[in-house]
Amino acid sequence: MPSITEPKLISGNANRPLALAIARRMSMHRGMNVGLVEARVERFNDQEIFVEVYENVRGEDMFIIQPTSRPANDNLMELLIIADALRRSSASRITAVIPYFGYARQDRRTKARTPISAKLVANMLVEAGIERILTMDLHAVQIQGFFDIPVDNLYASPIFALDIQHQFRDCMDDLMVVSPDVGGVARARELAQRINAPLSIVDKRREKAGEVAEMTVIGNVQGKKCIIVDDMCDTAGTLCKAAAVLTEAGATEVHAYTSHGVLSGPAVSNITNSVLKSLVITDSIQPTEAVKATPNIRIVPTAPIFAQAIMNIWHGTSVSSLFEHETLSPIYEGMFNG
């Protein structure tokens, strides 16, 4: 048991509802009230970010809850400045809890004279004084290698598996898990194994970034209820087109599970007008009112798994144990029952 009395949470403005939900879950685990450290995170008139921590954090084990979602630059700077404030206030250890890791799509050079922005962000986080990263479903798992500090990458697929087993409990034999591209096969296969379902692939070719020229279904989806699984959904154009292609190939229903609902631009409109029966996202990114009002979008909570991961890190116990059904199911008890 660490000598520090309790882990302490602090949040920026990126997703305070999630931070408060994590604090509530930890309060349930600890049997005592766990709140967010009081702090002021605001902007001057020129949009310069200012942070002031009102509580003493000397010698404390601090966890900053801050996804770097839209506006990515503002939320990233908030995270860096909060970390600097805590470091200069003599916090014992600083862990960044980043449910959605922005800039993860820029993990390699695709053309000459382009940056590897994910590596740049990793360097900035370490330089700010962050000593550990807790995140979920990195766009590319090799991003963990960009850091010289511990990185715990949680997965949404065990949560999705619980939800699927609840939502489709009467027709599990009719399910087909679909990867929306060849690069996502490992992620789709992992979910398929969890729910004991077959796997199919939608092969896509792009003429240029953001535009899909052609899609082909690899596998027989005739008469199946297809579940597309991906790590993020941005404008949802590719996702909706994949759903249409699967329907044309004989799928009776198409559902989608994506870890991060970026949902920018025309995403809500695209999903509303698509053949998708449902899109399930997590709350790693704070959903807009438009997203919450869309009838075929559902949101599953990540607070239970993040709260338990924070407790495990603080206790020095296994985080990977949360990937197992036997460990995760009790954490989500009551959410996927009945």
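Right, let's walk through the structure included here. (Residues numbered from 1 in each chain as written. Predicted model: local features only at pLDDT ≥ 70, side-chain atom pairs only at ≥ 80, totals over all residues. Heavy atoms only, no water.)

**Notes on the environment of V254**
Point 1. On the secondary structure map, V254 appears in strand β12 (residues 253–261).
Point 2. The buried category is assigned to V254, whose relative accessible area is 2%.
Point 3. Measuring from C-alpha to C-alpha, the distance between V254 and K224 comes to 8.7 Å, with 30 residues separating the pair along the chain.
Point 4. Once residues lying within four places of it in the same chain are set aside, the contact partners of V254 are C226, I228, A243, L246, T247, V275, L276, K277 and S278. (Helix = DSSP H or I, 4+ residues; strand = E, 2+ residues; numbered from the N terminus. Buried < 20%, exposed > 50% of the residue type's maximum accessible area, 1.4 Å probe, protein only. Contact = heavy atoms within 4.5 Å.)

**A few points about the pairing of strand β3 (residues 49–53)**
Point 1. The side-chain alternation of β3 yields one buried face, formed by I49, V51 and V53, and one unburied face, formed by F50 and E52.
Point 2. Inspection of the sheet shows strand β2 (residues 39–43) paired to β3 by five bridges, in the antiparallel sense. Its bridge partner being in β3, E42 is matched across the sheet by F50.
Point 3. Counting the residues in the hairpin turn of β2 and β3 gives five residues, including Q47, whose phi is positive at 75 degrees. (Pairing = 2+ DSSP bridges.)

**Examining the nonpolar core**
Point 1. In terms of nonpolar packing, the biggest core is built from 51 residues, with L9, I22, L154 and I305 touching the most fellow members.
Point 2. Broken down by element, this core gets its largest block of residues, nine residues, from helix α9 (residues 303–315).
Point 3. Apart from residues no more than four positions distant in its own chain, L154 is found in contact with L134, T135, M136, D137, I305, F306, A309, V319, L322 and F323. (Core = buried A, V, L, I, M, F, W, Y, C linked by side-chain atoms within 4.5 Å.)

**Examining the packing of aromatic side chains**
Point 1. A full pass over the atoms with the stated rule returns four aromatic pairs.
Point 2. An angle of 70 degrees between the planes, with centres 5.0 Å apart, marks the rings of Y155 and F323 as edge-to-face. Pair noted here: Y155 is in the loop between β7 (151–154) and α4 (157–167) and F323 is in the loop between α9 and α10 (325–331), with a separation of 168 residues, a long-range link.
Point 3. Judged by relative accessible area, Y155 falls into the partly exposed class, the value being 29%.
Point 4. Classification of F323 by relative accessible area gives buried; the value is 18%.
Point 5. Seen in terms of ring centroids, F160 and Y257 are 5.1 Å apart; in terms of plane orientation they differ by 65 degrees. Their pairing is edge-to-face. With F160 in helix α4 and Y257 in strand β12, this residue pair connects regions lying 97 residues apart in the sequence.
Point 6. We classify F160 as buried; its relative accessible area is 1%.
Point 7. Residue Y257 is classed as buried on the basis of its relative accessible area, which comes to 0%. (Phe/Tyr/Trp six-rings, centres within 6.5 Å; stacked < 30°, edge-to-face > 60°.)

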